[in-house]
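# Geometric and topological summary
Residue strings, one per chain:
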Amino acid sequence: MRDVRYAVRLLARNPAFAVTSILTLAFCIGANTAIYSVVDRVLVRSLPFPDPDRLAQVVTHFDRTGNDEIGQTGATWEALRDHVTTADMAVTSGMGMGVNLVAGNQPQYVQQERVSAGFFRVLGVAPALGREFTRDEDRPGGPPLVILSHALWTRLGADPSLVGQRVMLRGAPHTVVGVMPARFTTGAPVDVWTPLQPSSRGEGGGQNYAIVARLSRGATWAQADAELASAGQAAMDDLYRADAAAENRARIHIVPLQQGETQQVRRPILILWAAVAAVLLIGCVNIAGLLMARGVTRAPEIATRIALGGGRRVIVRQLLVESLVLSACGGLLGVVIGWAGSRAFTTLLEQAVGADGGEAVLDLRVLAITGAVALGTSVVFGLVPALHASRVNLRETLVASGSPTIAGASRTWTRRVMVATEVALGVVLLVGAGLLIRSFAFLINQRAGFDGTHVMTATLSLQDARYQDADRINQLFAQAVQRMQAVPGVEHAAAALTLPYERGLNIGFRWRPGDESHLINLTYVTPAYFDTLRVPVLRGRTFSSADADAAAPVVVVNEAFAKRYSPDREPLGRTIVASGSRTIVGIVGDIQVKTAFGNFGPVAAVPSAYVPAAQTSTALFQLVHTWFSPSFFVRTAGTPRAAASEMQRAVQAVDPLLPFAKFRTLDDVRDEAVATPRAQATLLAALAGLALLLSALGIYGLVANSIAERTRELGIRMALGASAWRVVVTAVLPAAVLSLTGVVFGLIAARWTAATLQLLVWGIGVGDPLTFAIAGGAVLVVAVVAALVPALRVVHTNPVRALRAG
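Residues numbered from 1 in each chain as written. Predicted model: local features only at pLDDT ≥ 70, side-chain atom pairs only at ≥ 80, totals over all residues. Heavy atoms only, no water.

Our focus in this paragraph is the overall build of the chain. Check the secondary structure of the chain and you find 26 helices and 25 strands. Looking at the 806 residues of the chain, the share that counts as buried comes to 52%. Expressed as a percentage of contacts within the chain between residues at least 6 apart in sequence, the contacts between residues at least 24 apart total 81%. Of the roughly 34,900 Å² that the chain leaves accessible, carbon and sulfur atoms contribute 59%. (Helix = DSSP H or I, 4+ residues; strand = E, 2+ residues; numbered from the N terminus. Buried < 20%, exposed > 50% of the residue type's maximum accessible area, 1.4 Å probe, protein only. Contact = heavy atoms within 4.5 Å. Areas by Shrake-Rupley, 256 points an atom, 1.4 Å probe, with all protein chains shown as cover.)

A few words now on the nonpolar core. Membership of the largest hydrophobic core comes to 112 residues, with the highest contact counts inside it found for Phe 450, Tyr 529, Phe 530, Leu 533, Tyr 610 and Ile 699. Sort the elements by how many residues they give to this core and helix α15 (residues 413-445) lands first, with 13 residues. The contacts of Phe 530, once residues within four sequence positions are left out, are Val 525, Val 535, Thr 542, Phe 543, Val 556, Val 588 and Tyr 610. Within the second largest apolar cluster, 50 residues are counted, among which are Val 490, Ile 576, Ala 609 and Phe 628. (Core = buried A, V, L, I, M, F, W, Y, C linked by side-chain atoms within 4.5 Å.)

Below, the discussion takes up the packing of helix α3 (residues 74-83) against helix α6 (residues 221-239). At a closest axis distance of 9 Å, the pairing of α3 and α6 adopts a crossing angle of 145°. Once α3 is placed against α6, the crossing between them reads as right-handed. Residues Thr 76, Ala 79, Leu 80 and His 83 of α3 form the contact with α6, whose participating residues are Glu 227, Leu 228, Ala 231, Gly 232, Ala 235 and Met 236. Classifying every residue of the contact of α3 with α6 gives 6 nonpolar, 3 polar and 1 charged. (Axes fitted to C-alpha atoms, helices over the stretch in contact; angles between N-to-C directions. Left-handed = near helix turned anticlockwise from the far one by under 90°. Nonpolar A, V, L, I, M, F, W, Y, C, P; charged D, E, K, R; others polar.)

A few words now on the pattern of salt bridges. Counted under the stated rule, the structure contains 22 salt bridges. With a closest N to O distance of 2.9 Å, Arg 534 and Asp 451 form a salt bridge. Pair noted here: Arg 534 is in the loop between α17 (529-533) and β17 (537-540) and Asp 451 is in the loop between α15 and β13 (455-459), with a separation of 83 residues, a long-range link. By relative accessible area, Asp 451 is classed as partly exposed at 21%. Here Arg 664 and Glu 672 are joined by a salt bridge, their closest N and O atoms 2.7 Å apart. Here Arg 664 falls in the buried class, since its relative accessible area comes to 5%. In the salt-bridge network here, residues are joined through shared partners; they are Asp 451, Glu 491, Arg 534 and Arg 635. (Salt bridge = Lys/Arg side-chain N within 4 Å of Asp/Glu carboxyl O.)

Turning to the packing of helix α1 (residues 2-13) against helix α2 (residues 15-44), a few remarks are in order. Between α1 and α2, the shortest axis-to-axis distance is 5 Å and the interhelical angle comes to 105°. As summarised for this structure, α1 and α2 are arranged roughly perpendicular, according to the angle between their axes. Every residue of α2 that contacts α1 at Leu 11, Ala 12 and Arg 13 is listed here: Pro 15, Phe 17 and Ala 18. Grouping the amino acids of the contact of α1 with α2 by side-chain chemistry returns 5 nonpolar, no polar and 1 charged. (Parallel < 35°, antiparallel > 145°, perpendicular 65-115°, else oblique.)

Next up on the list: the packing of aromatic side chains. For the coordinates displayed, the defined rule picks out 21 aromatic pairs. Taken together, a centroid distance of 5.9 Å and an interplanar angle of 65° make the contact between Trp 511 and Phe 561 edge-to-face. With Trp 511 in the loop between β15 (505-509) and β16 (518-525) and Phe 561 in helix α18 (residues 559-565), this residue pair connects regions lying 50 residues apart in the sequence. Taken individually, Trp 511 and Phe 561 each receive the classification buried, so the pair is uniform in this respect. Both rings, one in Tyr 529 and one in Phe 530, keep their centres 5.2 Å apart while their planes meet at 85°; by these two values the pair is edge-to-face. Like Phe 530, Tyr 529 is buried. (Phe/Tyr/Trp six-rings, centres within 6.5 Å; stacked < 30°, edge-to-face > 60°.)

Before going further, it helps to spend a moment on a nonpolar patch on the surface. Together, Val 19, Leu 23, Phe 27, Leu 333 and Val 336 line one region of the surface with nonpolar side chains, adding up to about 410 Å² of accessible area. Among the elements that make up the nonpolar patch, the one with the highest residue count is α2 (3 residues). When its relative accessible area of 37% is taken as the criterion, Leu 23 is described as partly exposed. (Patch = residues over 30% accessible without salt bridge, like charges linked within 9 Å, V, L, I, M, F, W, Y side chains within 5 Å.)

Further remarks concern unusual backbone geometry. A positive phi angle, near 60°, is found at His 454, a position not held by glycine. The residue His 454 is located in the loop between α15 and β13 in this model. If you check the backbone angles, Arg 534 has positive phi at about 55° while not being a glycine.

Attention now goes to the environment of Gln 258. Structurally, the position occupied by Gln 258 is in helix α8 (residues 257-261). Taking the relative accessible area as the measure of exposure, Gln 258 reaches 17% and is therefore buried. Along the sequence, Gln 258 and Gln 57 sit 201 residues apart, while their C-alpha atoms lie 8.1 Å from each other. Each residue touching Gln 258, except ones within four places of it in the same chain, is listed here: Val 42, Leu 43, Val 44, Arg 45, Leu 47 and Arg 266.

Moving on, we get to helix α21 (residues 666-673). When we look at burial in α21, the residues that qualify are Leu 666, Val 669 and Ala 673. The buried residues of α21 all sit within an arc of 55° when viewed along its axis, so they share a single face. (Arc of directions from axis to C-beta.)

Turning our eyes to something else, we now look at the confidence of the model for the chain. Confidence in the prediction for the chain averages 83 pLDDT; 87% of positions are at 70 or higher. For residues 401-410, every residue scores under 50 in pLDDT, and the model assigns this stretch 15 contacts once sequence neighbours within four places are set aside. (pLDDT = per-residue confidence, 0-100.)

A separate point is the pairing of strand β24 (residues 631-636). When you tally the buried positions in β24, you get 6 out of 6 residues, the bulk of the element. Across the two faces of β24 the burial is the same, with Ser 631, Phe 633 and Arg 635 and Phe 632, Val 634 and Thr 636 all buried. Where β13 and β24 come together, 5 bridges link them in antiparallel fashion. By the bridge assignment for β24, Thr 459 is matched with Ser 631. Bridge analysis of strand β14 (residues 490-496) against β24 gives 6 bridges, and the strand direction is antiparallel. Paired with His 492 across the two strands is Arg 635, which belongs to β24. (Pairing = 2+ DSSP bridges.)

This paragraph deals with the side chain of Ser 116. For Ser 116, the position within the fold is in the loop between β5 (106-115) and α4 (119-123). Apart from the residues within four sequence positions on either side, Ser 116 is in contact with Trp 77, Ala 90, Val 91, Asp 138 and Leu 196.

Mapped onto the secondary structure, His 253 falls in strand β12 (residues 250-256). One polar contact links His 253 to Asp 225, side chain to side chain, over a distance of 2.8 Å. Contacts of His 253, omitting those with residues within four sequence positions, involve Gln 57, Val 58, Val 59, His 61 and Asp 225. (Polar contact = N/O pair within 3.5 Å; in protein donor to acceptor, adjacent residues only side chain to side chain.)

For the rest of this paragraph, the subject is the pairing of strand β23 (residues 608-612). Most of β23 sits inside the fold, with 5 of its 5 residues counted as buried. Across the two faces of β23 the burial is the same, with Ser 608, Tyr 610 and Pro 612 and Ala 609 and Val 611 all buried. Where β16 and β23 come together, 5 bridges link them in parallel fashion. Of the residues in β23, the one forming a bridge with Thr 523 is Tyr 610. When strand β18 (residues 554-558) meets β23, the two strands line up antiparallel, connected through 2 bridges. The residue bridging Val 556 from the neighbouring strand is Tyr 610, located in β23.

If you want it as structure tokens, here you go:
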């Protein structure tokens with residue numbers, strides 16, 4: 001306690017040093033606290049189910065690449081369901097979907113998840129009211145049932161007698177068989193659960209299912225893994241025959257459920273956490289440098305204490321206590337900054353990692369990790385300076401009576417190494433931020449391929465029993481579009497399966513039956529679609545009202561399709577097999593979409609085909625509306641948002657029980673599509689900026705301390721006639737060489753670590769020379785400027801006063 005009181009008095013007598021150190025630590029620890037709150041909730045905290053360590057995700061593992069894929073086919077599910085005894089399993093649709101719910105004649109758009117029988121049993125959570133689905137109900141053609149979330153049940157009146165009653169869901173009566181507990185969640189918001197009724201056909205013919213499992217009592221992970229691999233091998237061989245021949249054998253494998261659910265977000269979270277840790281390390285190095293510089297001026301004090309009988313252990317303890325006091329103050333302030341930052345930037349953090357980080361709260365886990373970080377930093381930045389300061393030469397120090405010249409070059413090498421290290425770390429972070437910023441710039445500056453100004457969109461669900469027939473759907477489109485077109489100020493109106501910048505339906509096509517299949521995006525559209533978005537027509541024509549169901553089937557492809565799949569032959573007039581045999585009648589410009597196949601990037605111009613909605617079959621409508629909610633578009637002469645109410649009235653005039661899900665401009669859609677790259681670039685740029693500032697402070701402190709130690713030498717140089725420029729160069733040159741060394745090593749380290757950004761960078765390579773040159777040059781310029789500021793003060797130093805200072 002005596003050491004603590006003495007440390008507080010010393011820091012109070014040096015407020016500039018104390019405030020600088022505490023604020024540096026506070027911002028570094030605050031950033032760590034903010035990102036750890038996300039890390040804890042997404043990657044560390046146990047899932048909110050009983051015995052979560054026995055929950056698993058069934059994945060397809062590829063031996064050669066080591067990759068895991070979650071999507072499974074209906075055939076795989078049937079093989080595992082009928083032959084595995086070491087695990088209790090259930091299957092889900094793998095993605096939520098908006099559907100229409102009508103209660104009390106009030107339509108509302110709710111989020112649905114389709115799950116198989118036993119899903120809630122596998123998770124270990126029973127409905128609070130009623131029951132879950134049975135296996136007899138979970139079959140093709142089974143009864144229409146629904147389980148409500150507690151939140152939706154509350155909105156519907158929280159009446160326990162609702163169980164057993166019917167609600168209108170997807171245009172058909174569904175019997176409510178259960179209500180889930182209030183805190184139950186499976187990650188994404190869900191309002192209703194319906195039976196998946198899995199099959200090996202239709203949806204089940206593709207990899208559209210996700211399988212969860214709970215290990216049976218007494219079964220080990222190895223036993224379950226082996227049994228699942230054996231039971232599913234035949235299905236894997238049928239599905240991946242070509243890959244098996246290429247020695248990339250696919251097999252069923254199980255991983256912990258939390259790992260499976262977070263595999264897409266794990267890399268960006270860990271990259272951001274590593275960046276925050278690097279900033280924290282830079283901050284510790286900076287404060288260690290300040291303490292070492294301060295130790296030089298305290299050398300006479302420490303020598304006197306040793307001469308009076310104070311042991312080295314006591315001196316080191318006292319200096320470590322000072323570091324502990326600094327870290328405690330910085331840690332407490334850092335908790336506040338981290339909590340405020342995580343609350344202020346919750347959306348940005350969630351977008352950056354692609355996951356819901358949950359509500360920002362200061363729970364014991366976050367406080368514990370923050371306390372550990374604060375304690376660890378006190379050792380990191382306090383131990384080396386303490387040991388360094390305790391190694392004083394009593395005779396030399398006492399005789400010199402505290403002269404600043406006693407430090408000598410040999411006493412500053414440790415601090416020089418630390419400053420070079422923080423410069424190198426700053427370069428690494430700046431290169432990473434530069435790569436993400438340039439990648440985001442590439443994505444946002446790509447040619448959209450359409451004119452989105454004055455265009456309002458609205459989405460609705462047609463996964464509805466009243467819209468199971470192609471004629472009924474096209475009747476809705478025709479009447480609603482006609483009413484929207486008649487609204488004053490509306491220039492064009494159309495409907496389509498998907499929006500630009502959003503994921504489309506990826507489907508295979510062939511030039512002829514029996515040819516190799518190629519993946520494309522397929523979208524149905526109404527005739528005015530291309531005029532509404534002002535998509536350029538490069539060759540041929542688009543659709544008209546003449547392209548009806550009875551007319552010859554036609555298709556319009558984009559430029560990316562023509563270049564990729566017909567580079568040596570004019571595509572116009574050729575026939576493709578995609579949802580039937582169709583003739584290519586037009587080629588239009590590329591539209592940016594969110595990709596679901598290939599290695600194109602988050603948004604890109606991918607090979608796409610457009611078919612008339614009037615020539616879309618009932619079977620295709622039913623299939624795509626399981627996953628996609630079609631959208632309406634209107635181009636207005638004035639403000640697009642003013643058209644929202646008219647769009648809703650136009651649809652409700654045709655069907656009053658069809659609610660729109662949301663209204664957005666195409667700029668809003670684009671911003672949502674690139675939100676994750678933008679957030680990643682913003683956060684890493686902020687961390688890189690903080691690292692650059694800390695590096696500049698470190699260089700500034702090094703040069704300022706060096707000048708203080710060399711005051712007498714510089715005074716002699718000026719007294720002997722040295723020019724001011726020569727003296728400044730003498731003072732700055734060591735720091736410049738040190739900075740250049742740090743930059744060189746930083747660029748080498750950045751080239752090695754940039755590979756971790758491979759999956760986050762698009763449009764440029766992770767070894768982009770321009771980014772490396774700009775990052776290295778920026779750090780070097782900042783370092784030189786930071787060194788010049790204290791060095792230029794030498795020009796105004798009185799040589800006589802400088803000599804007396806020695």
